[in-house]
Amino acid sequence: MARRKPIIAQRSLAKERKPEEMRPSNAERSAYFARREAAKVLRSTLQGDARRRAVGSIKSLVYSPSIRNKKATFALVCQTLKRLSVIKDVMEEANVLSAKWKGVSLYGDAEKYLMLKKDALHSALSRILSRKGVKNVEDLVALDKFSEQKPRYVRVNTLKIDTENAIRELRQEYEVQKDDMVPDLLILPPGADLHKHPLVTNGSIFLQGKASSMAAVALGPKPGWEVIDACSAPGNKTLHLASLMKGKGKIIACELNEERVKRLKYNVKLAGATSILCVSSCPPPICIRKIPDKLKILIDEIMRISPMRSKPSIYVEVKHGDFLKLDPNDPSYSKVRAILLDPSCSGSGTAFERLDHLLPSHSAGHSDHADVRRLQKLAGFQKKVLEHALSFPAVERIVYSTCSIHQIENEDVVSSVMHLASSHGFQLATSFPQWPRRGLPAFDGSEHLLRTDLTTDKEGFFIALFVRKGVQKPKDYERNAEDHTDIAGRTKAYKPRKPLNIFIAKMLKVFPHPHFKLPRKKTMELISQDI
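To keep things clear, this report deals only with the structure shown in the data block. Chains are numbered independently. Their residues run from 1 in the order of the written sequence. Reporting of local features is limited, given that this is a predicted model, to residues whose pLDDT is at least 70; pairs of side-chain atoms are given and counted only at 80 or more, and all residues count toward the totals for whole chains, interfaces and linings. The side-chain numbers reported here are obtained from all heavy atoms of the structure, hydrogens and water having been left aside.

### With respect to the sheet that holds strand 2 (residues 177–178)
Spatially, 2-3-1-4 is the arrangement adopted by the 4 strands of the open sheet, whose pairing is antiparallel. Two strands bound the open sheet, and with one partner strand each, they are strand 2 and strand 4 (205–207). Here 4 bridges tie strand 1 (residues 152–156) to strand 3 (residues 185–188), and the two strands are oriented antiparallel to one another. Paired with R152 across the strands is L188, a residue of strand 3. Residue contacts are counted whenever heavy atoms from the two residues lie within 4.5 Å of one another. Lines fitted to the C-alpha atoms define the axes, with helices restricted to the stretch that makes contact. Angles between their N-to-C directions range from 0 to 180 degrees. Helix numbering and strand numbering both begin at the N terminus, where a helix is a DSSP run of H or I of at least 4 residues and a strand a DSSP run of E of at least 2. Here helix 9 (residues 163–170) sits on the sheet in contact with strand 1, strand 2, strand 3 and strand 4, set at roughly 15 degrees to strand 3. Whether two strands pair comes down to DSSP finding at least two bridges between them.

See below:
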């Protein structure tokens, strides 16, 4: 009996425990871990911002594999950063940070300590609200110029669905409006979460900002053209070009980063695998130009007689390589008529999307020497790729765009190449004449440039359109793109075709077919030929 007393005593103590000492519920545990994960993200974000060496954007940190409760963590991080200045003011007003943290460990008990100072914090907040002349915290936060939310923009992929059907589907859950400037661009309420919507997951619509969508429209490619997207990943602008070209023509999509190439290929396939072909050319597992002539002719015939031929047929050649290494005098690019150039930039115009406007450095307006050196380096690269784009002999239209708000990356780059552009016959043209915000008055002609405002439009973007007229083109260039375009999207003149190899036709199970009926004499000649 003596051995049971401790057990009985433990049971009696368990019954006498206070409610707050009981085991927390699942919801409380989830909230606790969300706060812990949010604290880790905030620590990394704020430390990187203070050192001007960000580990990653806020979204990339939150959506990393190590974060389990992503939705709750993201909400906590955003709300904390939005109110960070208020939190700092309240802490300083209450003088809690200067007090001695007696009995508090360095990890895990800060929340308990602040709860002990709850009354002092409430009093400090009341004094701040009185000084600012506002009634509550929401009014205090609303004084920030970035407090207004950005609408959700989505672009309809017309290669898979028409705009009206997309609107009909989306209106089952959201209020939807058409944008009055960019075709097939829809406006949804702020905060509309479409990441798991069926139209997004199957590639019928893409989440893309308005300013970003304006670049491809400004380029204005026509069906049947050959176009280069010089810095294409993740592929939103590439696929927008494909839609604007009505699914007819050829797009050469260049991307240097291997991981981004994978994302580009995925998006190209998602946009419509039956309409878009994707061939990686660096390193080339198989290249269209290296296929034997007879096999190319056979493939052309198969594509021509295939029932898929009535659908949009655009060829997207994904080049895992550097745009600067493309030879403008290579015959492969002799028919390229337009280039979309959206090179690497500071990304300062995406502060709202990246949530950089919530960081202390953005609100303070800091710009140290490291930032200036980085901008200068970026501007040098941007000038180099723009000069390279201007050297393609058959190009008629070039769009240079950045998601930057800095003059050094925008007007200064354009101004530095104007002499070269003029020597090649290019001049600046006005894109979207109805748009009110134009380029900074850095040089004569800057009124042709287009800018979006980070505060007003919630996205800082820059577009310059170069146009060249009077480019001499081959006589057969304007032939019908659908009837006279080979599998690689290259237009071709009428000329006698080489005979097909009968063995390849049998191997691909397309023989016999009316299009493959050959005279007996010609058939015997083909049998003796090598593949």
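### Some details on helix 9
Spacing of three or four residues puts side chains on the same side of an α-helix, whose turn is 3.6 residues. Relative accessibility decides the category of a residue: with a 1.4 Å probe and only protein chains considered, values under 20% of the type maximum give buried, values over 50% give exposed, and everything between is partly exposed. Among the residues of helix 9, those classed as buried are T163, A166, I167 and L170. Angularly, the buried residues of helix 9 cover 100 degrees about the axis, an arc narrow enough to put them on a single face. The inward-facing, buried residues of helix 9 contact strand 1, strand 2, strand 3, helix 10 (198–201) and strand 4. The definition of a polar contact used here is a pair of N or O atoms within 3.5 Å, where within protein one atom must be able to donate a hydrogen and the other to accept one, and adjacent residues in sequence count solely through side-chain atom pairs. Two or three places before E164, at the start of helix 9, stands the capping residue D162, its side-chain oxygen 3.2 Å from that residue's backbone nitrogen. Think of it as the arc spanned by the lines of direction from the helix axis to the C-beta atoms.

### Description of the side chain of S348
Mapped onto the secondary structure, S348 falls in the loop between strand 9 (336–341) and helix 15 (351–354). Within polar-contact distance, the side chain of S348 engages the side chain of S404 at 3.3 Å.

### Quick notes on the nonpolar core
By size, the foremost hydrophobic cluster in this structure holds 42 residues, and its most contacted members are M214, L241, V399 and I463. For this core, the secondary-structure elements that each account for two or more residues are strand 3, helix 11 (210–219), helix 12 (236–244), strand 6 (248–255), helix 13 (258–270), strand 8 (313–320), strand 9 and strand 13 (461–468). At 6 residues, helix 11 tops the list of elements feeding residues into this core. Residues in contact with L241, not counting those within four places in the same chain, are A216, L219, P221, V227, D229, I251 and L340. Nonpolar cores were defined as sets of buried Ala, Val, Leu, Ile, Met, Phe, Trp, Tyr and Cys residues, with membership established by side-chain atoms within 4.5 Å. Grouped together as the second largest cluster of nonpolar side chains are 31 residues, V395, Y400, V413 and F466 included.

### Quick look at helix 13
A helix is expected to span 1.5 Å for every residue after the first. For helix 13, built from 13 residues, the straight-helix expectation of 18 Å at 1.5 Å per residue is met to within 8% by its first-to-last C-alpha distance of 19 Å. Of the residues making up helix 13, those classed as buried are V261, L264, N267, V268 and L270. A distance of 2.9 Å separates the backbone nitrogen of E259 from a side-chain oxygen at the start of helix 13, and that oxygen is part of N257. G272 lies just past helix 13 and shows a positive phi near 145 degrees.

### Side note on the pairing of strand 9
With 6 of 6 residues buried, strand 9 is to be regarded as a mostly interior element. Pairing of strand 9 with strand 10 (residues 397–402), which is carried by 4 bridges, proceeds in the parallel orientation. Along strand 10, the bridge assignment pairs A338 with R397.

Limitation: the analysis is restricted to geometry and does not speak to function.
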